[in-house]
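Chains, contacts and geometry: an overview
As a plain string of letters, each chain reads:
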Amino acid sequence: MLTYQMSGLQILAFLSGLAGLGASIGATVSNEWRVTSRASSVITATWVLQGLWNNCAGNAIGALHCRPHHTILQLDGYIQACRGLMIAAVCLGFFGSIFALVGMKCTKIGGTDKNKARIACFAGVDFILSGLCSLSACSLYAHQITSEFFDPMFVAQKYELGAALFIGWAGSILCILGGSMLCFSIADSFTKSHSQANYIYKGAASHSHLSSYPRGQAKSVNQRPPPDYSSSSRIQHFDKNVYV
């Protein structure tokens, strides 16, 4: 029963990590990391969006125009750091998904239960690292936006938090939860292997204890002496019915 529960927990962890990976990919390619509106009314509204890769501008009629950042060497340091962290989060989440498929108990690949438990633990660590990378990137970007927004000396265009940041935060939480559940689900396998090792050791110890006696004494243990079937005892036992 515990094995089926752990298998279900691993499936739930895999789905959580996979959803977190999808959210991290969506946040990475999104152009809405920060947004602003230049409008005196809804009709003349113009939205400016900025992501890790593109700068976009849209208007009220639905037209959206985007252009990539001109050069990577002139980008701000926090944008480059967020790019690297999000790419690392996607790569770690991808490898975590592959290792989770191999290490889950419901699959038939990966070798013995102990090897599958190790692979599942490695997948859980990958998911946790992926979530931490995504969480760090989104938090760093959000800190930069809020610092510029509340700084009275900052005279350039001020932005607000975009939808991609919330998607990235949600994906990071899902990855961390999925990785934690995967690491927790392997406790049954290591406990079972440890108990089997103790049983084998105790069995071997008892066998060696019995074999330490001489052969004649080992055979006489827990054995009763054969009954005496002499003629005198036979007569004493059947003396009442002997002439019937």
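Residues numbered from 1 in each chain as written. Predicted model: local features only at pLDDT ≥ 70, side-chain atom pairs only at ≥ 80, totals over all residues. Heavy atoms only, no water.

1. Quick look at the packing of helix α2 (residues 77-103) against helix α3 (residues 113-149)
Note the following rule: The axes are straight lines fitted to the C-alpha atoms, using for helices just the contacting stretch, and the angles between their N-to-C directions are given from 0 to 180°. Secondary structure is summarised from DSSP: a helix means a run of H or I of at least four residues, a strand means a run of E of at least two, and numbering begins at the N terminus for each. Every angle not falling under 35 degrees, over 145, or within 65 to 115 is termed oblique; those three ranges are roughly parallel, roughly antiparallel and roughly perpendicular. For a crossing to be left-handed, the near helix must be turned anticlockwise from the far one by less than a right angle; the clockwise case is right-handed. We call Asp, Glu, Lys and Arg charged. Ala, Val, Leu, Ile, Met, Phe, Trp, Tyr, Cys and Pro are nonpolar, and the rest, Gly among them, are polar.
Orientation of α2 relative to α3, taken along the N-to-C sense of each, is 160 degrees, at an axis distance of 7 Å. By the criterion of interaxial angle, the relationship of α2 to α3 is roughly antiparallel. Read as a crossing pair, α2 and α3 show a hand that is left-handed. Looking at the contact of α2 with α3 residue by residue, the class counts come to 23 nonpolar, eight polar and three charged.

2. Overview of the nonpolar core
The nonpolar side chains of a soluble globular protein tend to be buried with one another. The condition that has to hold: Here the nonpolar core consists of buried residues drawn from Ala, Val, Leu, Ile, Met, Phe, Trp, Tyr and Cys, with membership extended through side-chain atoms lying within 4.5 Å. A 1.4 Å probe rolled over the protein chains alone gives each residue an accessible area, and that area as a share of the maximum for its type sets the label: buried under 20%, exposed over 50%, partly exposed in between. Contacts are assigned to residue pairs that have any heavy atoms within 4.5 Å of one another.
Trp33, Leu52, Ile79, Cys82, Met86, Tyr141 and Leu165 are the most contacted members of the largest nonpolar core, which totals 15 residues. In this structure isoleucine 79 touches Gln50, Leu52 and Tyr141, once residues within four positions along its chain are discounted. Within the second largest apolar cluster, seven residues are counted, among which are Phe14, Ala100, Ala123 and Phe127.

3. Some points on the packing of aromatic side chains
To keep it simple, the criterion reads: Here is the rule: rings of Phe, Tyr and Trp (six-membered ring for Trp) pair when centre to centre is within 6.5 Å. Planes less than 30 degrees apart are stacked, more than 60 are edge-to-face, and the remainder are tilted.
Applying the stated criterion across every chain yields a total of six aromatic pairs. When the centroid spacing of 5.6 Å and the interplanar angle of 75 degrees are considered together, the rings of phenylalanine 166 and tryptophan 169 count as edge-to-face. With a gap of three residues between them, phenylalanine 166 and tryptophan 169 both fall in helix α4 (residues 163-185), about one helical turn apart. What makes phenylalanine 166 partly exposed here is its relative accessible area of 47%. The exposure class assigned to tryptophan 169 is partly exposed, which follows from its relative accessible area of 21%. What links up through ring pairs into an aromatic cluster is the set Trp33, Tyr78 and Tyr141.

4. Comments concerning the UniProt feature "transmembrane region" (unreviewed entry) in the protein chain
Convention followed: UniProt positions are given in the numbering used here, feature names are shortened, and annotations may be inferred rather than shown by experiment.
Under the present numbering, the feature "transmembrane region" (unreviewed entry) in UniProt falls on residues 85-107, 119-142 and 162-187. The span residues 85-107 shows a helical share of 83% and a strand share of 0%, and its end C-alpha atoms are spaced 31 Å apart. With 100% helix and 0% strand, residues 119-142 has its two end C-alpha atoms placed 35 Å apart.

5. A few points about the confidence of the model for the protein chain
Here is the rule: The pLDDT score gives, residue by residue, the confidence of the prediction method on a 0 to 100 scale.
Per-residue confidence for the protein chain averages 78 on the pLDDT scale, and 71% of its residues sit at or above 70. Low pLDDT (under 50) marks residues 193-222, which in the prediction has two contacts with non-local residues, meaning those over four places away or in another chain.

6. Some points on the state of the cysteines
So the rule is basically this: Pairs of cysteine sulfur atoms within 2.5 Å are what we label disulfides.
The tally for this structure, following the rule as stated, stands at one disulfide. One disulfide bridge connects cysteine 56 with cysteine 66, the sulfur atoms lying 2.0 Å from each other. Taking the sign of the S-S torsion, 110 degrees for the link of cysteine 56 and cysteine 66, the bridge is right-handed. Of this pair, cysteine 56 sits in strand β3 (residues 54-59) while cysteine 66 sits in strand β4 (residues 64-68), and the two are 10 residues apart along the sequence. When its relative accessible area of 3% is taken as the criterion, cysteine 56 is described as buried. Under the relative-accessibility criterion, cysteine 66 is labelled partly exposed at 42%. With no disulfide of its own, cysteine 91 has cysteine 133 as its nearest cysteine by sulfur position, at a separation of 9.9 Å. Looking at cysteine 91, the relative accessible area reads 39%, which means it is partly exposed.

7. Looking at the side chain of arginine 34
Note the cut-off: Contacts described as polar in this section are N or O atom pairs within 3.5 Å, which, within protein, must combine one atom able to donate a hydrogen with one able to accept it, while residues neighboring in sequence count only if both atoms come from side chains.
Among the secondary structure elements, arginine 34 is positioned in strand β1 (residues 34-38). A residue is classified by how much of its surface remains accessible, and arginine 34, at 7% relative accessible area, is buried. Within polar-contact distance, the side chain of arginine 34 engages the side chain of glutamine 50 at 2.5 Å. Polar contacts involving the side chain of arginine 34 include one to the side chain of glutamate 148, which spans 3.4 Å. Residues in contact with arginine 34, not counting those within four places in the same chain, are Val48, Leu49, Gln50, Tyr78, Tyr141, Ile145, Glu148, Tyr159, Glu160 and Gly162.

8. Here we look at the pairing of β4
Test applied: Only strands that DSSP links by at least two bridges are regarded as paired with each other.
By the bridge criterion, five bridges tie β3 to β4 in an arrangement that is antiparallel. Bridge pairing links glycine 58 to leucine 64 in β4. Counting the residues in the hairpin turn of β3 and β4 gives four residues, including glycine 62, whose phi is positive at 100 degrees.

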